[in-house]
Amino acid sequence: MTEARIAARTVARIVAVLAAGCSALPVLAQAQSVEVHVSPQGDDRNPGTQARPVRSLPRAQALVRQSNARSDVTVLLAEGTWRLDAPLLFRRADGGQGGHSVTWKAAPGAHPVISGGMTVGGFRPFDAERRIWVADVPKGLDTRQVWVDGTLGERPWMEIRAVDLTFDATGFTVNDPKLGWLSTLAAPSRVELEATGFFTDRISPVKAIEGRHVTMQQPAWDNNTWGYDTISKPIFPDDSRLFLIGALEFVGKANEWHSRPYQWVIDPQAGKLYLRMGLDEDIAKREVVVPRLESLVSIAGTPKAPVERLRFEGLRFSHTSWLGPSRSTGYANQQSGAFLYETSPIRPADAWKSCGWGCVEFESMRQKWHQMPAAVQVSAARDVTFTGNTFSQLGQVALGIGNDANANLSGAGLATQGIRVSRNRFAVLSGSAIMAGGVRIEAHHPDDAALVNRDLAIEDNTVATVSQDYRDNAAILTTYVSGARIAHNDISDAPYDGIAVGWGWGYNDAGGNPNYDENAKGYVHNRKFTTPTTLRDTVVEGNRIHGVKTWFMDGGAIYNLSANPGAVIRGNHIFDIGNRIAIYLDEGSKHFRVTGNVVETGGKWLNINTAGAMYKRRISTDNVATGNWHTVNTTGGRWLEEIGNVARDNPLVPDRNWPADAQAVIDAAGVRP
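Conventions and cut-offs
Residues numbered from 1 in each chain as written. Predicted model: local features only at pLDDT ≥ 70, side-chain atom pairs only at ≥ 80, totals over all residues. Heavy atoms only, no water. Helix = DSSP H or I, 4+ residues; strand = E, 2+ residues; numbered from the N terminus. Buried < 20%, exposed > 50% of the residue type's maximum accessible area, 1.4 Å probe, protein only. Areas by Shrake-Rupley, 256 points an atom, 1.4 Å probe, with all protein chains shown as cover. Lys, Arg positive; Asp, Glu negative; His and termini not counted. Charge placed at Lys NZ, Arg CZ, Asp CG, Glu CD. Polar contact = N/O pair within 3.5 Å; in protein donor to acceptor, adjacent residues only side chain to side chain. Disulfide = S-S within 2.5 Å. Arc of directions from axis to C-beta. Contact = heavy atoms within 4.5 Å. Pairing = 2+ DSSP bridges. Core = buried A, V, L, I, M, F, W, Y, C linked by side-chain atoms within 4.5 Å. Salt bridge = Lys/Arg side-chain N within 4 Å of Asp/Glu carboxyl O.

Enquirer: Tell me about the overall build of the protein, and please be specific about residues and values.
Expert: A count of helices and strands for the protein gives 9 helices and 54 strands. Projected onto its principal axes, the C-alpha positions of the protein cover 100 × 70 × 55 Å. Buried positions account for 60% of the 673 residues belonging to the protein. A total of about 26,300 Å² of accessible surface is found on the protein, and carbon and sulfur atoms cover 51% of it. Charge-centre separation for the protein: the mean point of 69 positive side chains lies 5 Å from the mean point of 70 negative side chains.

Enquirer: Let's hear about the side chain of Gln263: which residues, and what values?
Expert: Along the chain, Gln263 turns up in strand S19 (residues 263-267). For Gln263, the side chain forms a polar contact with the side chain of Glu154, separated by 3.1 Å. Polar side-chain contacts of Gln263 include one of 3.0 Å to the backbone nitrogen of Gly252.

Enquirer: How would you explain the state of the cysteines if you had to name every residue and give the values?
Expert: As enumerated under the stated definition, the model contains 1 disulfide in all. Shown here is the disulfide that connects Cys355 with Cys359, its sulfur atoms set 2.1 Å apart. On the sign convention where negative means left-handed, the S-S torsion of about -95 degrees between Cys355 and Cys359 marks this disulfide as left-handed. Cys359 gets classed as buried once you look at its relative accessible area, which sits at 14%.

Enquirer: So what's going on with helix H3 (residues 57-67)? Residues and values would help.
Expert: For H3, the full list of buried residues reads Leu57, Ala60, Gln61, Leu63, Val64 and Ser67. When H3 is viewed along its axis, its buried side chains cluster within an angular range of 165 degrees and face the same direction. Structurally, H3 contributes buried residues whose contacts are with strand S1 (34-38), strand S2 (73-77), strand S3 (81-83), strand S4 (88-90), strand S5 (102-106) and strand S6 (113-115). For H3, the N-terminal capping position is held by Ser56, with its side-chain oxygen 3.2 Å away from the main-chain nitrogen of Arg59.

Enquirer: Provide a residue-level description of the sheet that holds strand S11 (residues 151-152), including the pertinent values.
Expert: Picture the strands of a sheet paired through backbone hydrogen bonds; they go either parallel or antiparallel. Reading across from one edge, S7-S21-S10-S11 is the order of the 4 strands in this open sheet, with antiparallel pairing throughout. Since the sheet does not close on itself, it has two edges, and those belong to strand S7 (117-120) and S11, each with one partner.

Enquirer: Account for helix H9 (residues 660-668), naming residues and giving values.
Expert: Turn by turn, an α-helix covers 3.6 residues, leaving residues three or four places apart pointing in a common direction. All buried positions along H9 are accounted for by Ala662, Val665 and Ile666. For H9, the angular spread of the buried residues around the axis is 100 degrees, confining them to a single face. H9 presents Ala660, Asp661 and Asp667 as exposed residues on the side facing more than 90 degrees away from its buried surface. Packing partners of the buried residues in H9 comprise strand S46 (573-575), strand S49 (598-599) and strand S52 (629-630). Following H9 by one or two positions, Gly670 has its phi on the positive side, about 95 degrees.

Enquirer: Tell me about the nonpolar core, and please be specific about residues and values.
Expert: In terms of nonpolar packing, the biggest core is built from 77 residues, with Trp104, Ile299, Leu399 and Phe426 touching the most fellow members. Of the residues forming this core, the biggest block, 4 residues, is contributed by H3. Apart from residues no more than four positions distant in its own chain, Phe426 is found in contact with Phe391, Ala398, Leu399, Val421, Ala433, Ile434, Asn461, Thr462, Val463, Ala464 and Val466. Counting 46 residues, the second-largest nonpolar core is a separate cluster that includes Trp226, Leu340, Phe362 and Leu535.

Enquirer: Can you break down the pairing of strand S44 (residues 558-561) residue by residue, with the values?
Expert: Every other side chain in a regular strand lies on the same face of the sheet, so the side chains alternate between the two faces. Neither face of S44 is left uncovered, since the one carrying Ile558 and Asn560 and the one carrying Tyr559 and Leu561 both have all their residues buried. Judged from the 4 bridges that link them, strand S41 (residues 499-502) and S44 form a sheet pairing that is parallel. Bridge pairing in S44 places Ala500 opposite Tyr559.

Enquirer: Mind laying out the pattern of salt bridges, listing which residues take part and the relevant values?
Expert: A side chain of one charge can pair with a side chain of the opposite charge when the charged atoms of the two come close. Counting across every chain of the model gives 38 salt bridges. Several salt bridges converge on common partners, so that one network encompasses Arg92, Glu308, Arg309 and Arg382.

Structure representation (structure tokens):
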């Protein structure tokens, strides 16, 4: 057939289709999207139409699965609160099929809440002098958080001094006779010791108190007393603090000016919740919510068959409590939501005093750290979007993306691609707003390319009042991710880093870290990798970061660990951080370009960890900082061109009389209209 005849026949077919009113177009193009309506007043026997909505979210999921292979599906949630009895599981069958998409969103004008909590009422007086009330809750219910009118309540505490204690292998002895009354506590096994150091926030539960000796639960005590910045050997003792937490006898012990408005204690065995109210407050007018679930949502397929094309819009996720620190494993924090959970068969018996700044035996656990499980978990997923949602009143990390398998209900970890988190609000959280990426070998050197976390965007979110119980948590953390973009977020009121990227201290980078190799003997028990990690191409741009670093001296408003080829820190505005570090490239940092940022601090505006006397080994190298405006000239570390670190042409503006270019950065930073 000649080209002319082919062309003529093609034109004839087009004319025929047009004449038929496009009836010959593919069926897929004509497919109508399906809506599933859900309302607290609905009935699961209904078909899910607007006139006859279903009531439960699991029933809505079932209806989605009937339609998502042949059309796009939108689940519309009416005004109301869905109190879950179990986490909501989204597996591969719940996402878009065959190129279609599934969206879960608020109905027009609605503000639906997905909650893991229960409202508690029926309070009656318990101790009028201390303003304590008591209410019944289900026996066996435990929690680490209670919210009163949306405010995070406080477990009662008292501060103690390390100089008044003598640590040992099983716990500690209280030397101050004024604290002898601790032996009379009614429920010592409900008490915990919390220790904040230079960068760690550790929690160890008490087993028993006999006289002046406090015996701690294991393995929490062992795991919290070796490594780095430990309970028994903090890096800087003068900056470290110790607290006893959780006894009913502690209510009112803390200085009123340093306490949250409400203190509470729960007794799971008796099924009682004790709550201290403010002076002259009417408890009947307060909404008291106790979480019943440790997580709300689990989104996961498998690395080879991920959940795909799933969207959440306009929803609120609230009321969870991760109970990990309450168990015998405690919270042996290492940094930013990572903790030691497993035990070591080679831990020295005297590690509590001999291994307070690392040791070869501790390094054997380096690749075995766990991550804090999030309230909303995403792993083994592709093209998942969160936009316009609220994450609030959650007792841990709010949103976990591509974390290790041990942090996921599904048992599947990592393997995320095309995740979008935009225009959400994260507020009143016990942990991070967002924690993305894993920390184990599978995260940084996976055997299967499908496990790599890729193409993550965190943009235009508001993050405020986070990491309130786990102070070590960065507001936003991305670890081993290829192509993370963290842009135009507004981040405030956080005790630790505003944005932290990277992981591993250069430990897992090609060639390893000579500091850990020679000083900590880190590669006796661990591989020295010869290839790069999966971390690369991170962009931190246009963020407005203020009121962070309120607790810890270590870290920075923007912080990085390890090699990050193609990484850029650009156009951010950092202010209101006191004398803390603004931009910190920590050990192993390589390949960064830091430019066009406006930095206001009384401390170091720029810092790099070049490993002290080993700086010539180029442990941190190939980093360039130019064109940044700052209010002080103070920098930290070795910014020397001879080792590949360049800091030049960064204008000093001590009076904050910003030039036009700097003012443009300030004006553009944060959430865009």
